[in-house]
Amino acid sequence: MAGIIGQRILRVEDGRFLRGEGRYVANLPLADALSVTFVRSPLAHALVTGIDTAAAAAMPGVQVFTAADVDLGLFEPPPLPGLELRMARPLVASDRVRFVGEIVAVVVAESRAAAADAAELVLVDYEDLPAVVDPAEALEDGNLLFPELGTNVCLRRAVDEPDEALFAGCDVVASGRIASQRLAPSPLEPRSSAAVVAEDGRLTVWLSTQTPHQDRDGLARILGLDAADVRVVAPDVGGGFGAKGLSVEDVLVAWLARRTGRPVRWTETRSESMVALVHGRGAVLDVTVGGDRSGAIHAYRLRILQDAGAYPWLGAFLPNFTALMASGVYAIPRIEVEAVSVVTNTTPVGAFRGAGRPEATQAI
């Protein structure tokens, strides 16, 4: 490290960026590629009572797909312990939408403009349902996102042996509540995907992603392919901040390339990114700290209420990361952390700049 610390290290990638030679998914040359536009719900919570695709499908070169056409399983969350897998997200909503921006139909056309025009012609009938956007209200299980499950709780972390005398002997006990507000990652480059199927059946997918190896495995699992037959390329990425991993849209682009037999591409708009890319944070932190009058802290209790958004993803698991860093840099002999994550009619929550650890720092 002697030649690095304190030295001015020249960046090797700057030259090509300054010359406009960065290579991003959106400007990847793909001959004969189809463009995708996703039809998204304008309602936070509703039953889907009908979809009329006739006018859009009648346009030259346009294809429209709904949930009935997509022969894939659910978009299950990462294999993290404790997540309620029965709340997994469908790739395309069929009978119910649970947040503004959820996909209800997929339009494919010869150009991006034609796909956008055709998407405007897809008519969806909704029956509006009460929406719950406050995690505290969701915890009361009044408005249920999954009525068949009877609860909005998608993860619970309990204390094995609660200590009723946790703060015994403390001269001072102070309590408070901190809201770690929901944030939109908003990378400078929005998400972008492209997919091509080779003559031998192998699938190549270009993604603006931070996790190409995980994405390859996820695509293979959902599409029913061997991982060796899927290649994921992550070229230059214009920001990610934790939020750019495998998404529903990426899977659908890859599926469409196999379904149509042609290259397929999609780049989200900024407004799409604000509602469809996973959000961050969204936690309510109740803290109780006990110590003596010299300033030493003897006990700490942290209770976390996590807003997971409409479907449990990494966001629902974030309280476990918060618990790992609960003490911060302080030597606290007695600590209790309990947490509950709930689904709400909002954009799903994922990783963003520290993924649960900044929440611990805010609290302590």
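Residues numbered from 1 in each chain as written. Predicted model: local features only at pLDDT ≥ 70, side-chain atom pairs only at ≥ 80, totals over all residues. Heavy atoms only, no water.

Colleague: Tell me about a negative patch on the surface, residues and numbers included.
Modeller: On the surface, Glu199, Asp200, Asp226 and Asp229 cluster together into a patch of negative charge. For aspartate 226, the location among the structural elements is in the loop between α5 (212–223) and β11 (230–233). (Patch = residues over 30% accessible without salt bridge, like charges linked within 9 Å, V, L, I, M, F, W, Y side chains within 5 Å. Areas by Shrake-Rupley, 256 points an atom, 1.4 Å probe, with all protein chains shown as cover. Salt bridge = Lys/Arg side-chain N within 4 Å of Asp/Glu carboxyl O. Lys, Arg positive; Asp, Glu negative; His and termini not counted. Charge placed at Lys NZ, Arg CZ, Asp CG, Glu CD. Helix = DSSP H or I, 4+ residues; strand = E, 2+ residues; numbered from the N terminus.)

Colleague: Before we move on, could you go through the pairing of strand β12 (residues 264–267) and cite the residues and values that matter?
Modeller: The alternating pattern of β12 places Val264 and Trp266 and Arg265 and Thr267 on opposite faces, both of which are buried. Sheet analysis places strand β1 (residues 34–40) next to β12, joined by 2 bridges and oriented parallel. Its bridge partner lying in β12, serine 35 is registered against arginine 265. Bridge count for strand β9 (residues 192–197) against β12 is 4 bridges, and the pairing is antiparallel. Among the inter-strand pairings, serine 192 is bridged to a residue of β12, identified as threonine 267. (Buried < 20%, exposed > 50% of the residue type's maximum accessible area, 1.4 Å probe, protein only. Pairing = 2+ DSSP bridges.)

Colleague: Requested: an account of the environment of leucine 30, with residues and values cited.
Modeller: The topology assignment puts leucine 30 in the loop between α1 (14–18) and β1. Setting aside chain neighbours within four positions, we find leucine 30 in contact with Ala194, Val196, Trp206, Pro263 and Arg265. (Contact = heavy atoms within 4.5 Å.)

Colleague: Outline the pattern of salt bridges, listing residues and values.
Modeller: It is possible for side chains bearing opposite charge to pair when their charged atoms get close. As enumerated under the stated definition, the model contains 18 salt bridges in all. As a salt-bridge pair, aspartate 32 and arginine 262 come within 2.9 Å of each other at their nearest N and O atoms. Here arginine 262 lies in the loop between α6 (248–260) and β12 and aspartate 32 lies in the loop between α1 and β1, a separation of 230 residues in the sequence. A salt bridge links arginine 191 to glutamate 249, with the shortest nitrogen-to-oxygen separation between them at 2.9 Å. On the criterion of sequence distance, the pair formed by arginine 191 in the loop between β8 (172–180) and β9 and glutamate 249 in helix α6 is long-range, its members being 58 residues apart. Neither residue differs from the other here; arginine 191 and glutamate 249 are each classed as buried. When salt bridges that share partners are traced, they join Arg40, Arg191, Glu249, Glu268 and Glu272 into one network.

Colleague: Please give an account of unusual backbone geometry that cites residues and values.
Modeller: If you check the backbone angles, aspartate 141 has positive phi at about 60 degrees while not being a glycine. As for its placement among the helices and strands, aspartate 141 is situated in the loop between α4 (135–139) and β7 (153–157). Assessed through its relative accessible area of 27%, aspartate 141 is described here as partly exposed.

By themselves these figures say nothing about function.
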